[in-house]
Amino acid sequence: LSSERDTAADRGDWINPSKEKKKKEENDVANWDASKVITFQVPHNAAVQIYDYKSKNSRVVFGPDLVMLGPDEQFTQLSLSAGKPKKGNMIRSVALLLGPDFASDFIIVETSDHARLQLDISYNWHFQTKDTNNEKEAAKLFCVADFVGDLCKSMASKIRGAVSSVTFDDFHKNSAKIIQLAVFGVDADTNSPKEEICFPQNNLYVTSVDIKSVEPVDQRTRDSLQKSVTLAIEITTQSQEAAARREAERTEQESRGRLERQRIEDEALAENSRKELLSLQAESAAVESTGQAKAEAFSRAEAARIEAEAAVQGATLKAEALNIETKSELERMNAAREADIKFALEQNNLEIDKAEKMAKIETDKFNQMVAALGKETIQAMASGPQDHQVKMLQSLGLSSTLITDGRTPINLLNTAGGLLGNLSQPQK
């Protein structure tokens, strides 16, 4: 309790019990406090036994739980075997793990022909308690002080007894089966190997046995085993090669037989086909010789009849085609003429409507322009250039003028009248 070691996690770490005990005594002397209660945390799937030496009674506590010791109580300490091969008093523990877990061991066995072998075997075990509240059932867990050593010794004795009755060769071939039967036994009802074995003293169950290795102890036996294994491998290889060779030869012979039978069947089928062909050729020759003339006459008559019917039908069709063509051409020409006349009428009507509308538009335009300008404005615009020239000459003080470029001929008779001005004729 004072070493601060976890019961489940540190169970694989081995510590020397004597050194641990000495260290514990030193720590107890230096750090012991009588006012503190002793507590222990029971891990999951574990159990501890607490004994009250005053009332001479014990109780079992299953985890997970926190245990506090009374004034007159103490834990039941377990001293278990450990190592390979197993040695006693190697593990000291307060909590009993209920498993499932493994226990491994080295076993020296001897066959009936005095071959010594070392077996590395691992057992899968667990405790099974039906009712944890039943004190009698719970107390069975702690009836065996060293259940690991007891388990390994019991299994080793069974295995040694079973191996001693068989030869090395038999054990080498059927080691797993022999050990399974030795450990679990045979069910009397089904006559088959049992799946588990139970130790009723503490309700310990062993569910499986794992054979990790089988090694001869004697060097000569080891060499002989190696030779026998090599020889067995060679024999197995040769037997497999021979079996494969025989299988290939058998397959080849079967293939040849099937091929020959298929060839014979094909030849027979070809002969039957040839026979049927000759029969059909004879029948066709007879039909050809007897019915050729009849067929030719019938074919000529049929050909003449077909030609006559075809000529009549062709003439009828040509007449019908010509009639249809004439009618269609006449209808087309009538339709074309009617369309041209209709088009010309519609075009003339459109031109007339257009001319009327344009004339009306021009008239309306001129009337609107005259109405917009007014009569006085139009008159001023018409007499504007002459009035301008008159005013310009009056401003120059000229009563008459003539401007020419020298190339344009001038009517001097009329011009002179203009130059001289309008002479007032004498009154008569």
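Residues numbered from 1 in each chain as written. Predicted model: local features only at pLDDT ≥ 70, side-chain atom pairs only at ≥ 80, totals over all residues. Heavy atoms only, no water.

Asker: Whenever I open this one, the overall build of the chain confuses me. Can you help?
Answerer: Looking only at helices and strands, the chain features eight helices and twelve strands. Taken over 428 residues, the chain has a buried fraction of 20%. Long-range pairs, those at least 24 residues apart, make up 56% of the contacts in the chain between residues at least 6 apart in sequence. Carbon and sulfur atoms provide 55% of the accessible area of the chain, an area that totals close to 32300 Å². (Helix = DSSP H or I, 4+ residues; strand = E, 2+ residues; numbered from the N terminus. Buried < 20%, exposed > 50% of the residue type's maximum accessible area, 1.4 Å probe, protein only. Contact = heavy atoms within 4.5 Å. Areas by Shrake-Rupley, 256 points an atom, 1.4 Å probe, with all protein chains shown as cover.)

Asker: For this particular structure, what's the right way to read the nonpolar core?
Answerer: Side chains that are nonpolar tend, in soluble globular proteins, to be buried together. Counting residues in hydrophobic clusters, the biggest one holds 43 residues, and the most contacted among them are Tyr123, Phe147, Ile159 and Val206. Looking at this core, the elements that each hand over two or more residues are β6 (78–82), β9 (101–110), β10 (116–127), α3 (147–163), α4 (168–173), α5 (175–184), β11 (197–199) and β12 (204–216). Look past the residues within four positions of isoleucine 159 in its chain and what remains in contact with it is Ile107, Val109, Leu119, Ile121, Tyr123, Ile179, Ala182 and Val183. (Core = buried A, V, L, I, M, F, W, Y, C linked by side-chain atoms within 4.5 Å.)

Asker: What should I look at first to understand the pairing of β9 in this one?
Answerer: Moving residue by residue along a regular strand, the side chains alternate between the two faces of the sheet. Bridge analysis of β9 against β10 gives ten bridges, and the strand direction is antiparallel. For serine 104, the partnering residue across the bridge sits in β10 and is serine 122. From the end of β9 to the start of β10, which pair antiparallel, there are five residues, and histidine 114 there has a positive phi angle of about 65°. (Pairing = 2+ DSSP bridges.)

Asker: What's the story with the sheet that holds β12 in this structure? I'm lost.
Answerer: Think of a sheet as strands paired side by side through backbone hydrogen bonds, with each pair either parallel or antiparallel. Pairing is antiparallel in the open sheet, where four strands are placed in the order β9-β10-β12-β11. With one partner strand each, in any of the chains shown, β9 and β11 form the two edges of the open sheet. Each adjacent strand pair in this sheet contributes to an overall mean axis angle of 40°, direction not counted. Lying over the sheet, α3 contacts β9, β10, β11 and β12, oriented at roughly 35° with respect to β9. Running at roughly 145° to β12, α5 makes contact with β10, β11 and β12 of the sheet. (Axes fitted to C-alpha atoms, helices over the stretch in contact; angles between N-to-C directions.)

Asker: How should I be thinking about the packing of aromatic side chains in this particular structure?
Answerer: Each aromatic ring pair is characterised by the separation of its centres together with the angle its planes make. Counting across every chain of the model gives four aromatic pairs. The interplanar angle of 70° and the centroid separation of 5.1 Å between the aromatic rings of tryptophan 125 and phenylalanine 147 together place this pair among those described as edge-to-face. On the criterion of sequence distance, the pair formed by tryptophan 125 in strand β10 and phenylalanine 147 in helix α3 is long-range, its members being 22 residues apart. When the ring of phenylalanine 127 is compared with that of phenylalanine 147, the centres are 4.9 Å apart and the planes differ by 70°; the resulting orientation is edge-to-face. Remark: phenylalanine 147 occurs in helix α3 and phenylalanine 127 occurs in strand β10; sequence separation between them is 20 residues. When its relative accessible area of 5% is taken as the criterion, phenylalanine 147 is described as buried. These aromatic residues form a ring-pair network of at least three members: Trp125, Phe127 and Phe147. (Phe/Tyr/Trp six-rings, centres within 6.5 Å; stacked < 30°, edge-to-face > 60°.)

Asker: Before we go on, may I ask you to explain helix α7 (residues 375–396) in this structure?
Answerer: In this model α7 runs 31 Å from its N-terminal to its C-terminal C-alpha over 22 residues, within 8% of the 32 Å that 1.5 Å per residue would give. Of all the bends in α7, the greatest reaches close to 50° and is centred on glycine 384; the proline proline 385 follows between one and four positions later. (Expected span 1.5 Å × (residues − 1). Bend = angle between axes of the 7 residues up to and from the residue.)

Asker: Help me understand α3, please; the structure alone is not making it clear to me.
Answerer: Each α-helix winds once per 3.6 residues, and so residues spaced three or four apart point in a common direction. Here α3 contains 17 residues, and its C-alpha end-to-end distance of 24 Å stays within 8% of the 24 Å for a straight helix at 1.5 Å per residue. Those residues of α3 not exposed but buried are Phe147, Val148, Gly149, Leu151, Cys152, Ser154, Met155, Ala156, Ile159, Ala162 and Val163.

Asker: How do you make sense of the pairing of β6 when you look at a structure like this?
Answerer: Within β6, four of the five residues are buried, which leaves it mostly tucked inside the rest of the structure. Summarising the sheet, β6 and strand β7 (residues 87–93) pair through four bridges and their orientation is antiparallel. Opposite leucine 78, over in β7, you have serine 93 as the bridge partner.

Asker: Explanation requested: the confidence of the model for the chain in the structure shown.
Answerer: Where the model shows low pLDDT, its predicted coordinates should not be examined in detail. When pLDDT is averaged across the chain, the result is 83; 85% of the residues are at 70 or more. Mean pLDDT across the secondary structure elements of the chain bottoms out at helix α8 (residues 412–420), with 55, and peaks at α3, with 94. In the predicted structure, residues 423–428 sits below a pLDDT of 50 and forms zero contacts with residues beyond four places in sequence or in another chain. (pLDDT = per-residue confidence, 0-100.)

Asker: Just to check I follow, could you spell out the packing of α3 against α5 for this structure?
Answerer: The description of two helices packed together rests on the angle between their axes and the distance between the axes. α5 packs onto α3 with a crossing angle of 130° between their chain directions and a minimal axis gap of 9 Å. Taken together, the axes of α3 and α5 are oblique relative to one another. Considering only the axes of α3 and α5, their crossing is right-handed. Side by side, α3 and α5 meet where Met155, Lys158, Ile159 and Ala162 of the first sit next to Ile178, Ile179, Ala182 and Val183 of the second. When grouped by side-chain class, the residues that make up the contact of α3 with α5 number seven nonpolar, no polar and one charged. (Parallel < 35°, antiparallel > 145°, perpendicular 65-115°, else oblique. Left-handed = near helix turned anticlockwise from the far one by under 90°. Nonpolar A, V, L, I, M, F, W, Y, C, P; charged D, E, K, R; others polar.)

Asker: Where do I start with the pattern of salt bridges in this structure?
Answerer: Two side chains that carry opposite charge are able to pair once their charged atoms sit near each other. In total, this model carries 15 salt bridges according to the counting rule given. Note that arginine 250 is salt-bridged to glutamate 254, the shortest N-O span being 2.6 Å. On the criterion of helical spacing, the pair formed by arginine 250 and glutamate 254 is a turn pair, its members being four residues apart in helix α6 (residues 219–373). Owing to a relative accessible area of 38%, arginine 250 belongs among the partly exposed residues under this scheme. One salt bridge in this structure joins glutamate 252 and arginine 256, with 2.7 Å as the shortest N-O distance. Within this pair, glutamate 252 and its partner arginine 256 are both found in helix α6, separated by four residues, close to a single helical turn. According to the relative accessible area criterion, arginine 256 is exposed, its value standing at 56%. Within the structure, one salt-bridge network assembled from shared partners comprises Glu247, Arg250, Glu254 and Arg258. (Salt bridge = Lys/Arg side-chain N within 4 Å of Asp/Glu carboxyl O.)

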